[in-house]
Amino acid sequence: MELTLIVLLVIVLALFFDFTNGFHDTANAMATPIATGALKPKTAVLLAAILNLIGAFLSTEVAKTISGGLINEGDGGVLITPEMIFAGLIGAIVWNLVTWLYGLPSSSSHALFGGLIGAAIVGAGFQAINGPVFLSKVLIPMVAAPLTAGIVAFTATKIAYAITRRHDGKKDGRGRFRYAQIASSSLIALAHGTNDAQKTMGVITLTLVAWASMAQGGEQLPGWAAVAEDGGPPFWVILTCALAIALGTYSGGWRIIRTLGAGLTQVKPAQGFAAETSTAATILASSHLGFALSTTQVASGSVIGSGLGRRGSTVRWRTVGRIATGWLFTLPAAGAVGALAALIAHLGTVGVIIDAVVGLAFILFIFWRSRRNRVDHSNAVNVPDVAESGYAVRIGSSKVRKVPTKTGTVPPLTSVAQSAVREDKAAREAERRAAEEREAAARAARKAEKRARKQQRQQNNGDAR
Amino acid sequence: MINWMAFLIVFATALASSAVVVTLYSLGIRFLATPAPKARRADGSFEPDGPSRDDEDDDVDDLGRPLWATVAANICFGFSVICVLVGIYLIVPALHG
C-alpha cells in the first residue's frame, strides 16, 4: 500500500515536472520570434506546444539511467528507490518554479539531476555521486554551452548583417528574416519535444521497473504498471508525458520569454534568425556528435552572442550575471531541497505525506506570489522604446489606435504600453484640472475683491451724502 | 575523461552549419533587395547613391528588380528549405535510425 502510494505520487510529480519543463523551455524556441514580431505571442506558444507534442511521440529512445550516470546506479552502486525519485522530483520542481518566478532560464535536467543527487546523498552518502561524470556532464558544459553558442551566434549575426547591408541607400529587406525565424524556432521546439519529454518518460518507466523489482514478494502489480520487455514505456506514459509537456509549453513561461526576448538585449529580425539558427545547429551537433549541451544554456548563449554581433545593440550584463548565478545554484539548490525531502520521506508514509503537502503548499505559494506582478502574453515583451522603434502613440482620443509608420501599420499596443498611455493621460487630466481649479480660485478672489471695493465705494458714497 | 575532441567537433560543426544556413538566407534576401538598374541622366552620368543603409525592419522593394536576381533569390531560399529538411531529418529518430 505504501509503495503504491509513493509510485502514484512519483507519477503525478513527474508529470508536473514535465509541465514545468515545458513552460520553462518555451522561451528557448519562442522568445526571439515573439520579440521581433515574427510570431504573435499566442501563436508562438501554440506552435511550440504542437511541435513539442509531436516531438514527444517521435522520440523512441528512453533514458536507460535516471540520473544520466551522475549517480552510481545499478550493480555495486546505489539502488534508486521510488522515495529517492520522489524527493528528487520535489527538489527539481521547487527550483524550476523559483527560477521561473524570477524569470531565469535554467536547465530543467540539471534541476532534476540536482534533486536526485541530494536525495541519493541522504540515502547513500557522498560516494553515490560519480565525480568525473559530474564534471564532464554538468560543470564543463555549463561553461562550454553558452560560449559555443555565443561564438556561433556572434559569427552568424555578423554574416547576416554583412551580407544584407546596403551602401546605396535602398531598402535592405531585413524584415524578411521574420519568415525564416518561424522555421528556425520551430526546429528548436521540435528538437525540445524529442529530447525533454522522454526524460520524464524515463523517470516514470524506471520507477515502474523499481516497483516491479521491489514488489516481487507476493504483491500483484496492476496491469497498467507493466513495462514493455525492451524497457520501453507503456503507451499511457508516452501520452501523458507528451500532453504534460505540450500543456506546459502552451502556458508559456512568459517571465522567461521576457528575459530572453527583451531582458538580455533588444532582438531584431536578422539577429533573431541568426540566434535561432545557432541554437538549432549547436543543439543538433551536440546531440549527434556526442557532447551533450543543455538547450537552455545554448539558447541563452545564442541570444547574448547575437546581441554582441549586431551593431548598435547593447547586452545587459547585469541580467547575464543573474542568469549565470542561477545556473551555478541550480544543482546545489535543487539538491538541498531534494535532500531535505528525502530526510522527511525517511519517516515513512507520514513523511511522504508531509513532503507532498508541503510541496503542494509551496507550489500554490509560488503561483500566488506570481500574481503580484503578472507577466503574460500581452506584456511579456514590451514595445521597446516608443520613439526608437517608430511606434508612436496618439494621446487625446480614448482609444489607442493603430499608427501608420514607415514599415506599415503597427499592431495594437501591448497592455503595458496602453497602461502607460492611460497613466500619461490621467496625469495630463490631473494637471488640467489643477490649472482650472487655480484659475477658478483666482477668479473667485478677484470677484471677492471687486465686491469688497464696490461695497467700500457705496459706503464712501453714503458717507459723502 | 572529458572528450575535448568531441567538443571541438561539435563546435566546428555548429559554427560551419549555422554560417552556411545564415549565408544562404541572407544572400536570398540580398538578391531580393536588388534594385532596378540605374537610370542614365541626360548628361550621361548616373544617379548618385544614397547614404549607406543599416535598417532593421525593411521589407524589400519589388519595383524593377531584374529577373536574374529573383531567380537567384529563389535558389537561395530553396537551399534554405533543404537545410530545414536536413534539420527535421536529424531531429526525428525514425528517419535516421
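Residues numbered from 1 in each chain as written. Chains lettered and ligands numbered in written order. Predicted model: local features only at pLDDT ≥ 70, side-chain atom pairs only at ≥ 80, totals over all residues.

## Overview of the overall build of chain A
Then comes step 1: When helices and strands are counted, chain A shows 13 helices and two strands.
Then comes step 2: Long-range contacts, defined as pairs at least 24 residues apart, comprise 84% of the intrachain contacts of chain A with a sequence gap of at least 6. (Helix = DSSP H or I, 4+ residues; strand = E, 2+ residues; numbered from the N terminus. Contact = placed C-beta atoms within 7 Å.)

## As for the overall build of chain B
Then comes step 1: Helix and strand counts for chain B stand at three helices and zero strands.
Then comes step 2: The buried share of chain B, reckoned over its 97 residues, is 31%.
Then comes step 3: Taking all contacts inside chain B whose residues are at least 6 apart in sequence as the whole, residues at least 24 apart take part in 80%. (Buried ≥ 20, exposed ≤ 12 C-beta atoms within 10 Å, placed from the backbone.)

## Remarks on the nonpolar core
Residues and elements named next belong to chain A.
Then comes step 1: In terms of nonpolar packing, the biggest core is built from 144 residues, with V10, L13, F86, L89, C241 and I257 touching the most fellow members.
Then comes step 2: With 18 residues, helix α1 (residues 2-36) is the single largest residue contributor to this core.
Then comes step 3: Residues contacting F86, with those up to four places away along its chain left out, are I6, L9, V10, L13, A345 and V352. (Core = buried A, V, L, I, M, F, W, Y, C linked by C-beta atoms within 7 Å.)

## Comments concerning the packing of α1 of chain A against helix α8 (residues 254-263) of chain A
All names here are of chain A.
Then comes step 1: With their axes 8 Å apart at the nearest point, α1 and α8 run at an angle of 45° to one another. In terms of orientation, α1 lies oblique with respect to α8. As for how α1 packs across α8, the hand of that crossing is right-handed. Contact residues: α1 offers H24, T26, A27, M30, A31, T32, I34 and A35, while α8 offers I256, I257, L260, G261 and A262. (Axes fitted to C-alpha atoms, helices over the stretch in contact; angles between N-to-C directions. Parallel < 35°, antiparallel > 145°, perpendicular 65-115°, else oblique. Left-handed = near helix turned anticlockwise from the far one by under 90°.)

## Considering the interface of chain B and chain A
Then comes step 1: Taken together, the contact between chain B and chain A spans 46 residues of the former and 53 residues of the latter.
Then comes step 2: Elements represented by at least two residues in the side of chain B that touches chain A include exactly α1 (4-32), α2 (67-91) and α3 (93-96) of chain B.
Then comes step 3: Considering only residue class, the side of chain B that touches chain A consists of 26 nonpolar, ten polar and ten charged. (Nonpolar A, V, L, I, M, F, W, Y, C, P; charged D, E, K, R; others polar.)

## Side note on the confidence of the model for chain B
Then comes step 1: Confidence in the prediction of chain B, expressed as mean pLDDT, is 87, and 97% of residues score 70 or more.
Then comes step 2: Across the interfaces of the predicted complex, the ipTM metric reaches 0.91, alongside a pTM of 0.81. (pLDDT = per-residue confidence, 0-100.)

## Focus on helix α7 (residues 235-251) of chain A
All names here are of chain A.
Then comes step 1: Along its 17 residues, α7 runs 24 Å from first to last C-alpha, staying within 8% of the 24 Å computed at 1.5 Å per residue.
Then comes step 2: By the burial criterion, the buried members of α7 are V237, I238, T240, C241, A242, A244, I245, A246, G248 and T249.
Then comes step 3: Each element contacted by the buried residues of α7 is listed here: α1, α2 (41-58) and α6 (177-214).
Then comes step 4: At the exit of α7 stands G252, carrying a positive phi of roughly 60°. (Expected span 1.5 Å × (residues − 1).)

## Focus: the environment of L101 of chain A
Residue and element names in this part refer to chain A.
Then comes step 1: Along the polypeptide, L101 turns up in helix α3 (residues 82-101).
Then comes step 2: L101 sits 224 residues away from T325 along the chain, and the two C-alpha atoms are 15 Å apart.
Then comes step 3: Leaving out residues up to four positions away in the same chain, L101 has contacts with I366, R369 and S370.

## Quick look at the environment of S107 of chain A
Residue and element names in this part refer to chain A.
Then comes step 1: With respect to the secondary-structure elements, S107 resides in the loop between α3 and α4 (108-124).
Then comes step 2: The class for S107 is buried, based on 29 C-beta atoms found within 10 Å.
Then comes step 3: When neighbours within four sequence positions are excluded, S107 is seen to be in contact with S294, T296, Q297 and T330.

## What about the confidence of the model for chain A?
Residues and elements named next belong to chain A.
Then comes step 1: With 86% of its residues at a pLDDT of 70 or more, chain A shows a mean pLDDT of 84.
Then comes step 2: Per-residue pLDDT, averaged within each element of chain A, yields its smallest value for strand β2 (residues 408-409) (45) and its largest for helix α10 (residues 295-309) (95).
Then comes step 3: Across residues 383-401 the pLDDT falls below 50, and counting only partners more than four positions away or on other chains, this stretch makes 29 contacts in the model.
Then comes step 4: With pLDDT under 50 throughout, residues 405-416 is counted as low confidence; its partners more than four residues away or in other chains account for 26 contacts.

## A short note on the environment of Y102 of chain A
Then comes step 1: Topologically, Y102 of chain A is positioned in the loop between α3 and α4.
Then comes step 2: It is 11 Å that separates the C-alpha atoms of Y102 of chain A and V375 of chain A, two residues lying 273 residues apart in sequence.

## Re the packing of helix α9 (residues 269-288) of chain A against α1 of chain B
Then comes step 1: At a minimum axis distance of 8 Å, the contact between α9 of chain A and α1 of chain B shows a crossing angle of 140°. For the element pair α9 of chain A and α1 of chain B, the recorded crossing hand is right-handed. Along the contact surface, α9 of chain A presents A274, T277, S278, A281, T282, A285 and S286 of chain A, while α1 of chain B presents V10, T13, A14, S17, S18, V21 and V22 of chain B.
Then comes step 2: Of the residues in the contact of α9 of chain A with α1 of chain B, the class split is seven nonpolar, seven polar and no charged.

## A look at α8 of chain A
Residue and element names in this part refer to chain A.
Then comes step 1: Among the ten residues of α8, nine are classified as buried, and the element is accordingly described as predominantly covered.
Then comes step 2: Taken together, the buried positions of α8 are occupied by W254, R255, I256, I257, R258, T259, L260, G261 and G263.
Then comes step 3: Tucked inside the fold, the buried residues of α8 contact α1, α3, α10 and α11 (317-345).

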